[in-house]
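Tertiary structure, described
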Amino acid sequence: MHAHIRPQPGIMDIALYQGGTSKIAGRDDVVKLSSNENPFGPGDLARLAYARAGHDLHRYPPTDHAGLRAALGAHFGIDASRIICGAGSDEIISFLCQAYAGPGDEVLYSQHGFLMYRISALAAGATPVVAPERDRTADVDALLAAANKRTKLVFIANPNNPTGTMIPLEEITRLAEGLPKQALLVLDGAYAEYAENYDGGAALVDQRDNVVMTRTFSKLFGLGGLRVGWGYGPQHVIDVLNRLRGPFNLSNMQLDIAEAALGDTAHIARSLSENARLRDWLAEKLNAIGVVTDRSFANFVLARFRDAAQAEACNAALLSEGLIVRQVGSYGLPEGLRITIGDESACRRVAHVIGAFM
Ligand code: PMP
């Protein structure tokens, strides 16, 4: 029997994707800080919607996601008719690669870009191409230099995972303007809400024909387990992606809970302010004991150690205290530990253990 799928690394080969297990035998004080999840979990409105869900489990969900799209349109001030919803932004990234990149095509992204760009490009039979960064930050000149007539997709996460760095909208605009005309620019805004005064690129999407934005409920909204993400783009792109989408790719429950979460202004405000406060606090503590960080615009910090061995030893020290963070060797930064900003107690524990380790 032959599957029509090329040999490629699949998600099961990326054992570190989850950043390890959240269970450590014999401990009840384990904190998982390895997947950039919201430490407060879902907000009250999402929990309420979850509790109410289930009355319509025998009904198929709406195929057009009209309710959630309308809520997203109103919340972000964008055109609901040019939104597509999927099972996490991972699914939107996968649709983009399936639709726009095939054998002989190139998918371009920055050196320390999100792992799914490579996985989805390979799954589509395309060739992943990596452009160098400058100081762990996307470099528009390097991306433009690497783009050519085979480039079909250019991914840039802003802010970026795992570095936490971001580039200004003017630089993104310069990238969008300078790319060859067949290339589509994807602005991955998984962490966009955490960056103050940044619209994730929505205005640029409205101005241009070659820019798409992806967003998620997995981070700020505390719904990583729900699997809801979305994309916003020019009509011609959304039409193409909708042809790849199954009619029932999101359940009633996913749609209802995500919509409720959007309206939870108290949860959103608390998550944002606590994240900003504790992120800056933790970065300062780390810097004071000789662990360097770049300024993070997201809900994690990338702590950089002398070398991979020191990072590994520190990771082991954290783990022995029940603190699970992520050593980002799979992103080409083995000297780095990416630490999700937890609640105050988790941040204090992390600072304490690293302080003792150093
Ligand atoms: N983009 C980036 C940059 C991410 O870090 C993640 C999650 N780790 C995603 C996209 C995918 O998130 P989800 O599929 O949960 O929406």
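None of the values given here were measured: they were computed from a predicted structure. (Residues numbered from 1 in each chain as written. Predicted model: local features only at pLDDT ≥ 70, side-chain atom pairs only at ≥ 80, totals over all residues.)

Here's the deal with the overall build of the protein chain
- Assigned secondary structure in the protein chain consists of twelve helices and 13 strands.
- Computed over the C-alpha atoms, the radius of gyration of the protein chain is 20 Å, within 12% of the 21 Å expected from 2.2 N^0.38 for a compact globule of 358 residues.
- Split into buried and exposed, the 358 residues of the protein chain put 47% on the buried side.
- Here the analysis covers contacts within the protein chain between residues at least 6 apart in sequence; of these, 72% occur between residues at least 24 apart. (Helix = DSSP H or I, 4+ residues; strand = E, 2+ residues; numbered from the N terminus. Rg over C-alpha atoms; globule rule 2.2 N^0.38 Å. Buried ≥ 20, exposed ≤ 12 C-beta atoms within 10 Å, placed from the backbone. Contact = placed C-beta atoms within 7 Å.)

With respect to helix α2 (residues 66-76)
- The complete set of buried residues in α2 reads Leu68, Arg69, Ala71, Leu72 and Phe76. Buried residues along α2 cover an arc of 160 degrees about the axis, so they all sit on one side. Across from the buried face of α2, at angles greater than 90 degrees, the exposed residues are Ala66 and Ala74.
- At its buried positions, α2 is contacted by β2 (83-86), α7 (202-207), β8 (229-232) and α9 (252-262).
- Taken from the residues just after α2, Gly77 is the one with a positive phi, measuring 65 degrees. (Arc of directions from axis to C-beta.)

Concerning unusual backbone geometry
- Cis geometry marks the peptide bond from Asn158 to Pro159, where omega comes out at -5 degrees.
- That bond from Asn161 to Pro162 is cis: its omega, 15 degrees, falls within 30 degrees of zero.
- Among the secondary structure elements, Pro162 is positioned in the loop between β5 (151-157) and α6 (169-178).
- Of note, His65 is a non-glycine position whose phi angle comes to about 55 degrees, a positive value.

Points about the site of the ligand
- Close contacts around the ligand come from 13 residues, with Gly88, Ser89, Asp90, Thr216 and Ser218 the closest.
- Tallying contributions element by element places helix α3 (residues 88-100) first for the shell around the ligand, with three residues. (Near = placed C-beta within 6 Å.)

What to know about the confidence of the model for the protein chain
- For the protein chain, the mean per-residue pLDDT works out to 93, and 93% of the residues sit at or above 70.
- pLDDT under 50 marks residues 15-22. Its contacts with residues more than four places away, or in other chains, come to 13 contacts. (pLDDT = per-residue confidence, 0-100.)

Re the UniProt feature "domain: Aminotransferase class I/classII large" (unreviewed entry) in the protein chain
- Per the UniProt record, the feature "domain: Aminotransferase class I/classII large" (unreviewed entry) sits at residues 29-354.
- In the segment residues 29-354, helix accounts for 41% and strand for 18%; the C-alpha atoms at its two ends are 17 Å apart. (UniProt positions renumbered as here; feature names shortened; annotations may be inferred.)

Thoughts on the sheet that holds strand β10 (residues 300-304)
- Taken together, four strands build an open sheet; the order of strands is β9-β10-β13-β12 and the sheet is antiparallel. Two strands in the sheet have a free side with no partner beyond their single neighbour: β9 (292-293) and β12 (326-328).
- The pairing of β12 with strand β13 (residues 333-340) spans three bridges and is classified as antiparallel. By the bridge assignment for β13, Arg326 is matched with Arg338. (Pairing = 2+ DSSP bridges.)

Structural notes on the sheet that holds strand β4 (residues 127-131)
- The strand order across the open sheet built from seven strands is β2-β8-β7-β6-β5-β3-β4, with neighbouring strands paired in mixed fashion. One side of each edge strand has no neighbouring strand; the edge strands of this open sheet are β2 and β4. Across the sheet, the axes of successive neighbouring strands diverge by a mean angle of 20 degrees, strand direction being ignored.
- When strand β3 (residues 106-110) meets β4, the two strands line up parallel, connected through five bridges. Its bridge partner being in β4, Val107 is matched across the sheet by Pro128. (Axes fitted to C-alpha atoms, helices over the stretch in contact; angles between N-to-C directions.)

A look at the nonpolar core
- One finds Leu96, Cys97, Leu153 and Val154 to be the most contacted residues of the largest nonpolar core, which totals 98 residues.
- Residue contributions to this core peak at six residues, all from α3. (Core = buried A, V, L, I, M, F, W, Y, C linked by C-beta atoms within 7 Å.)

A few points about the UniProt feature "modified residue: N6-(pyridoxal phosphate)lysine" (unreviewed entry) in the protein chain
- UniProt marks Lys219 with the feature "modified residue: N6-(pyridoxal phosphate)lysine" (unreviewed entry), using the numbering shown here.
- Under the C-beta neighbour-count criterion, Lys219 is labelled buried, with 27 such atoms within 10 Å.
- Excluding residues that lie within four positions of it along the chain, Lys219 makes contacts with Asn36, Asn38, Ala190, Tyr191 and Asn299.

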